[in-house]
Amino acid sequence: TDVVKTQMQAAADSKTMTGVTRQVWQQEGLKGFWRGAQPNIARCFIGNACEIGCYDQFKTTIIAKGWVSDGPLAHFAASGGAGVVSALFSTPVDVVKTRLMNAAGGNKGAIQYKGVIDCFINMPKKEGIGSLYKGFWPLAIRKVAWTVVFFLVNEQALKVIRGSYS
């Protein structure tokens, strides 16, 4: 699960999968493996809403303003913008998810939070607002790459099916 993977990746020492699984199970039972599930689900909704909504809006604006015609260049620009917006809005939720997963099972090397709200409130209080954007650039690069590939392929498939982009 993500909890085990996250704790193994965050550990300074070499934790084993069996060791982490045992610790989480003994401390929290099955519930411990679901730590971070709420923000994970929220991150998916936020990321997808930003990607789909922003892509359509950006594409419509780019074409309507006459910056480029409806085609791969417009799709590339719109999808890149959508990926950046998605990263801006989903990174804080992703960071909270990771913090909660890392704290599962009473992980001694992790800051313990009471839940999603506690984490969202206390991280910026103790570490500054920038703490919610740790790992932004790798996430932004991944999201831009994903949205560009997805929407370019999607638009090409729609062109084949419809005979045109619109």
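Everything that follows concerns the structure shown earlier in this document.
Okay, so let's go over this structure. (Residues numbered from 1 in each chain as written. Predicted model: local features only at pLDDT ≥ 70, side-chain atom pairs only at ≥ 80, totals over all residues. Heavy atoms only, no water.)

## Digging into the pattern of salt bridges
Right, so step 1: Enumeration according to the criterion identifies six salt bridges in this entry.
Right, so step 2: Two residues, R43 and D94, come together in a salt bridge whose shortest N-O distance is 3.2 Å. Residue R43 is found in helix 3 (residues 37–64), and its partner D94 is found in helix 4 (residues 72–103); the two are separated by 51 residues along the sequence.
Right, so step 3: With a relative accessible area of 18%, R43 lands in the buried category.
Right, so step 4: For D94, a relative accessible area of 17% translates into the label buried.
Right, so step 5: Across the pair K143 and E51 runs a salt bridge, and its minimum N-O distance is 3.3 Å. Here K143, found in helix 6 (residues 136–162), pairs with E51, found in helix 3; they are 92 residues apart in sequence, far enough to count as distant. As far as the burial class goes, K143 and E51 line up, both buried. (Salt bridge = Lys/Arg side-chain N within 4 Å of Asp/Glu carboxyl O. Helix = DSSP H or I, 4+ residues; strand = E, 2+ residues; numbered from the N terminus. Buried < 20%, exposed > 50% of the residue type's maximum accessible area, 1.4 Å probe, protein only.)

## Thoughts on the side chain of S79
Right, so step 1: Locating S79 in the fold gives a position in helix 4.
Right, so step 2: Owing to a relative accessible area of 0%, S79 belongs among the buried residues under this scheme.
Right, so step 3: A polar contact of 3.0 Å, which involves the side chain of S79, links it to the backbone oxygen of F76.
Right, so step 4: In this view, S79 contacts Y55, T147, V148 and F151; residues no more than four positions away in its chain are not counted. (Polar contact = N/O pair within 3.5 Å; in protein donor to acceptor, adjacent residues only side chain to side chain. Contact = heavy atoms within 4.5 Å.)

## Remarks on the packing of helix 1 (residues 2–10) against helix 2 (residues 17–28)
Right, so step 1: At a minimum axis distance of 9 Å, the contact between helix 1 and helix 2 shows a crossing angle of 120°. Classified by the angle their axes make, helix 1 and helix 2 are oblique. As for how helix 1 packs across helix 2, the hand of that crossing is right-handed. Across the interface between the two elements, V3, V4, Q7 and M8 from helix 1 touch M17, V20, T21 and V24 from helix 2.
Right, so step 2: Residues of the contact of helix 1 with helix 2, tallied by class, amount to six nonpolar, two polar and no charged. (Axes fitted to C-alpha atoms, helices over the stretch in contact; angles between N-to-C directions. Parallel < 35°, antiparallel > 145°, perpendicular 65-115°, else oblique. Left-handed = near helix turned anticlockwise from the far one by under 90°. Nonpolar A, V, L, I, M, F, W, Y, C, P; charged D, E, K, R; others polar.)

## Description of the packing of helix 3 against helix 4
Right, so step 1: Here helix 3 crosses helix 4 at 165°, and the two axes come no closer than 7 Å. In terms of axis orientation, helix 3 runs roughly antiparallel to helix 4. As helix 3 packs across helix 4, the resulting crossing turns out to be right-handed.
Right, so step 2: Its residues placed into classes, the contact of helix 3 with helix 4 shows 19 nonpolar, seven polar and five charged.

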